[in-house]
Amino acid sequence: MNDIAPTRFKWVGTRPIRPDGVPKVTGRAMYGADFATAGTLYGKVIRSPHAHARIRSIDTSKAEALPGVKAVVTAKDFPDHKFEYIGPERVAQNFWHMTRNVMAREKALYEGHAVAAVAAISRSVAEEAASRIAIDYEVLPHVIDVDEAMKPDAPLLFEDMITRGIEPAPTKPSNIAKRVEFNLGDVEAGFAEADEIVEKEFKTAAVHQAYIEPHACVAHFDADGQAEIWASSQGHFVIRALTAKLLNMPVGDIRVTPAEIGGGFGGKTIVYLEPVATLLAKKSGRPVKIVMSRDEVFKASGPTSGSSMWVKIGVKRDGTIIAAEGEFKFQAGAFPGSPVMNACLCAFAPYNIPHQHTTGYDVVCNRPKSAAYRAPGSPISAFAVESVLDILAKKIGMDPLQLRLKNAARPGTPMIFGPKLGHGGYAETLEALVNHPAYKTPLGPNQGRGVASGYWFNGGGESSASVQVNEDGTVIIATGSPDIGGSRASMALMAAETLGIDYSQIRSIVADTSSVGYTHVTGGSRVTFATGMAVVEASKKVVDELRSRAAMIWDVDVDGVIWEDGQAKPASSNVGDFQPMSFKELAAKKALTGGPITAAASVNAGGMAPGFSTQFCDVEVDPETGKVTILRFVAAQDVGKAIHPSYVEGQIQGGVAQGIGWALNEEYIYDRQGRLDNAGFLDYRVPVASDMPMIEPILVEVPNPAHPYGAKGVGEVNIVPPMAAIANAIDSAIHRRLTELPMSPPKVRAALDMGQADD
């Protein structure tokens, strides 16, 4: 499936037992809520019951007078920040917004918005104190839906918000925070050449990452101004940086220790509780623990955006896609920052389309601020794009995989965001499914098959690692990447391969912010690629040091020593007749040859290769109830080189499972007052085991030459195709095109009742 000859490795590509398995299955693993120190106080956040309300006043005096209450904080205790956007546009941050999301100031902008917090000696005292805080609200009109929020007469969340990205700038404020636009070629000319054109509108509901573990942290603040935080997150260095920024503290005065993480999927890359707990700890002089309830997780932490979209695609009769256009309107939640730019850039990325145009709108509304969710933005736009492609394939009588294969983006294909595609892998995923024996199997009544593809950039960036050699030949690897996808195992595999020693001799850990160099979040499918580079670089330094130690022992020049199979060997017979020295032998002599053998490496990794996934599924639709049963799901993904294939397969299966939930059941449901009706797993319907088919992952390996072992990120693109694949399968089964997510039984039943056939 690729032109690069496969390289045989001893450890990379094997499936050893995960190093974190035993502590987790025995219950000894420490998660955020498990940490506590002597004298720890219970923190409680007071949250707005209103979707939109001006905060006239907050009286905390009765709460502060309650015995057992040690601290109370409101927005006035937090420093304010300048209104400015910092960083690259796709991931820009505005700390004026962020500090108001952590603690509401002028207004509460969604139900669940934090307004105050208390720290007390027990949960019951904290809850009693919370009930004594008197907050005077002026309830304001609210807006939930993105289309409604864009109307000229919609209630404004910010009376002075002028849309960015429009020249000349509008003079009238609106809820549209930003407009983005991207062009390639000339879409009008392209559509003029097309023989068949389909345009359609779509809507998707906001869905939550639905991680099992709620947000939790413990913070301690010493009298000398030094703070410590223990937190469950996808990036403890980012927790440190954001907490320091929001509290105006030096970064070096905060130490963050990572806990195990019970799921994140992008939703734990930002801060909610950590600055609040740290400020309560500072005021009380005691450690403070805050743990969100499940209700708070749904109401106050970021789901991904809901959307309203329009897509138009034109093809020639031979299946050549000639032009494509899309408009994507995303709910940002209460503050700007939806992934609509990603949606615009990823929408048509799998295809070589000469004429493209995408427009995106980032729209605030009275919901919790959106947060990343696995390939943020891409699954949403793919639902629309891949659905329209399915309609076109049926119109021209072409197999949907063959249509995609004919138009597949390949190395050198121009991309709408500027550069040409640098790495292949997409066509190979299509070929894997074309040749899959199940793809041509016949289907029964009310059954259908659907195909869809997806793209994700994958990330690189800053990572650090250290390698320590012990005197018995064991090795400690420390990185700064929280392990949410098997990174401890993959780091150990790459180190074992580089050092030439047994995987069992390596202990892989995640170190705190004071014990290893800066490492960006575990997100963007960057860890195995970028942090893996740092591990390999540090391991190479250790190898060089071991060669130097062997050269010292043999009294030869270091250039005369090579490293093979975990041994130092003379480079040739000219160097001398020396017996090879093993890693373990050299480790045992380290005190006599120069002392400790350690190495560290930091990288700002570039050269990441994008991820491609193509999937097909078979469904059966019950015409009486509208229930959709998934019979088969096959997911082919370009994985570069699978460092630990079992983990890669698990990532693919997990992404598909979440995509199935997104497609069929999951949604935020609000009442007329803008209050969330289904803030819990009983009513927010995530898939359970009985909803799942067997998910067959196919690992397509097109190695990335920019990585020493060919790795590409694998954690995200797998969630991009499922919603469209299922929609396309439903259409094939009942000849009804569903354009709104979730495609729950009532919506399927309604489509059948209305008798609306596909275009």
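These numbers come from a predicted model, not from an experiment.

### Examining empty space enclosed by the protein
(1) Moving on: Within this structure, the stated rule accounts for four cavities of 30 Å³ or more.
(2) Moving on: Space inside the largest cavity adds up to approximately 70 Å³.
(3) Moving on: In terms of lining, the largest cavity is formed by V45, R47, N101, V102, Y110, G112, A114, Y272, L273, V276, M292 and A300.
(4) Moving on: Listing elements by their share of the lining of the largest cavity, those giving two or more residues are strand 1 (41-47) and helix 3 (95-102).
(5) Moving on: Looking at the lining of the largest cavity residue by residue, the classes come out as nine nonpolar, two polar and one charged.

### Describing the confidence of the model for the protein
As a note on interpretation, predicted positions should not be read in detail where pLDDT is low.
(1) Moving on: Of all residues in the protein, 98% attain a pLDDT of 70 or more, and the chain-wide mean is 96.
(2) Moving on: Counting interchain partners and residues more than four positions distant, the pLDDT-below-50 stretch residues 1-6 has eight contacts.

### Re the side chain of S508
(1) Moving on: Among the structural elements, S508 can be located in strand 19 (residues 506-510).
(2) Moving on: Among the polar contacts listed, one links the side chain of S508 to the backbone oxygen of R488, at a separation of 3.0 Å.
(3) Moving on: Residue contacts for S508: discarding those within four places in its chain leaves I477, R488, M491 and A492.

### Quick notes on the state of the cysteines
(1) Moving on: For the structure shown, the criterion picks out zero disulfides.
(2) Moving on: With no disulfide of its own, C344 has C346 as its nearest cysteine by sulfur position, at a separation of 9.6 Å.
(3) Moving on: Free cysteine: C365, not disulfide-bonded; nearest cysteine sulfur from C344 at 17 Å.
(4) Moving on: Overall, C365 belongs to the buried group, its relative accessible area being 0%.

### Regarding the packing of aromatic side chains
(1) Moving on: Tallied over the full model, the rule gives 23 aromatic pairs.
(2) Moving on: Both rings, one in Y455 and one in F457, keep their centres 5.6 Å apart while their planes meet at 80 degrees; by these two values the pair is edge-to-face.
(3) Moving on: Here the aromatic cluster, defined as three or more aromatic residues joined through ring pairs, consists of Y351, F417, Y426, Y455, W456, F457 and F612.
(4) Moving on: Taking the ring centre of F457 as reference, the NZ or CZ of R90 above it sits at 4.4 Å.
(5) Moving on: Stacked on the ring of W96, the Lys or Arg R100 has its end atom at 3.7 Å from the ring centre.

### Here we look at unusual backbone geometry
(1) Moving on: Here E167 and P168 are connected by a cis peptide whose omega angle stands at -5 degrees.
(2) Moving on: A positive phi angle, near 55 degrees, is found at F265, a position not held by glycine.
(3) Moving on: Of note, D555 is a non-glycine position whose phi angle comes to about 60 degrees, a positive value.
(4) Moving on: Position of D555 relative to the elements: it lies in the loop between helix 15 (527-554) and strand 20 (561-564).

### A short note on the packing of helix 14 (residues 487-499) against helix 15
To characterise two packed helices, one gives the angle between the axes of the helices and the distance between these axes.
(1) Moving on: Running from N to C, helix 14 and helix 15 cross one another at 35 degrees; their axes reach a closest spacing of 9 Å. With respect to the hand of their crossing, helix 14 and helix 15 are arranged in right-handed fashion. Each of S487, S490, M491, M494, A495, T498 and L499 in helix 14 lies in contact with helix 15, whose residues at this interface are V527, T528, T531, G532, V535, V536, S539, K540, V542 and V543.
(2) Moving on: Taken together, the residues of the contact of helix 14 with helix 15 break down into nine nonpolar, seven polar and one charged.

Conventions we followed
Each chain carries its own residue numbering, running from 1 in the direction its sequence is written. With the structure being a predicted model, the display of local features is reserved for residues of pLDDT at least 70 and the display and counting of side-chain atom pairs for 80 or more, all residues being used for whole-chain, interface and lining totals. Calculated side-chain values reflect all of the structure's heavy atoms, with hydrogen atoms and water omitted. With a 1 Å grid laid over protein atoms only, a set of points is called a cavity when a 1.4 Å probe fits there but cannot get out and a pocket when it is open yet has protein on both sides within 12 Å along at least five of seven lines; lining residues have an atom within 4 Å of a point. Grid points are joined across faces, edges and corners, and a volume is the space filled by probe spheres set on the points. What counts as a helix is a DSSP run of H or I of at least four residues, what counts as a strand is a run of E of at least two, and both are numbered from the N terminus. In this classification, the charged set is Asp, Glu, Lys and Arg, the nonpolar set is Ala, Val, Leu, Ile, Met, Phe, Trp, Tyr, Cys and Pro, and all remaining amino acids, among them Gly, are polar. The pLDDT value expresses, per residue, how confident the predictor is, ranging between 0 and 100. Contact between two residues is taken to exist if any of their heavy atoms lie within 4.5 Å; hydrogens are not considered. Pairing of N or O atoms within 3.5 Å defines a polar contact, subject to two protein rules: one partner must be a possible hydrogen donor and the other a possible acceptor, and residues neighboring in sequence count only if both atoms are side-chain atoms. Count a disulfide wherever a pair of cysteine sulfur atoms falls within 2.5 Å. The cut-offs for exposure are 20% and 50% of the maximum accessible area for each residue type, with area from a 1.4 Å probe on protein chains only; residues under the lower value are buried, those over the upper are exposed, and the others partly exposed. Aromatic pairs are defined between Phe, Tyr and Trp rings, using the six-membered ring for Trp, whenever the two ring centres lie within 6.5 Å; interplanar angles under 30 degrees are classed as stacked, those over 60 as edge-to-face, and all others as tilted. Ring-over charges, as used throughout, are those where CZ of Arg or NZ of Lys falls within 6 Å of the ring centre and within 35 degrees of the ring normal. Only C-alpha atoms enter the line fits that serve as axes; for helices the fit covers just the stretch in contact. Angles between N-to-C directions range over 0 to 180 degrees. By the definition used in this description, the sense in which the near helix is turned from the far one sets the handedness, with an anticlockwise turn below a right angle giving left-handed and a clockwise turn giving right-handed.

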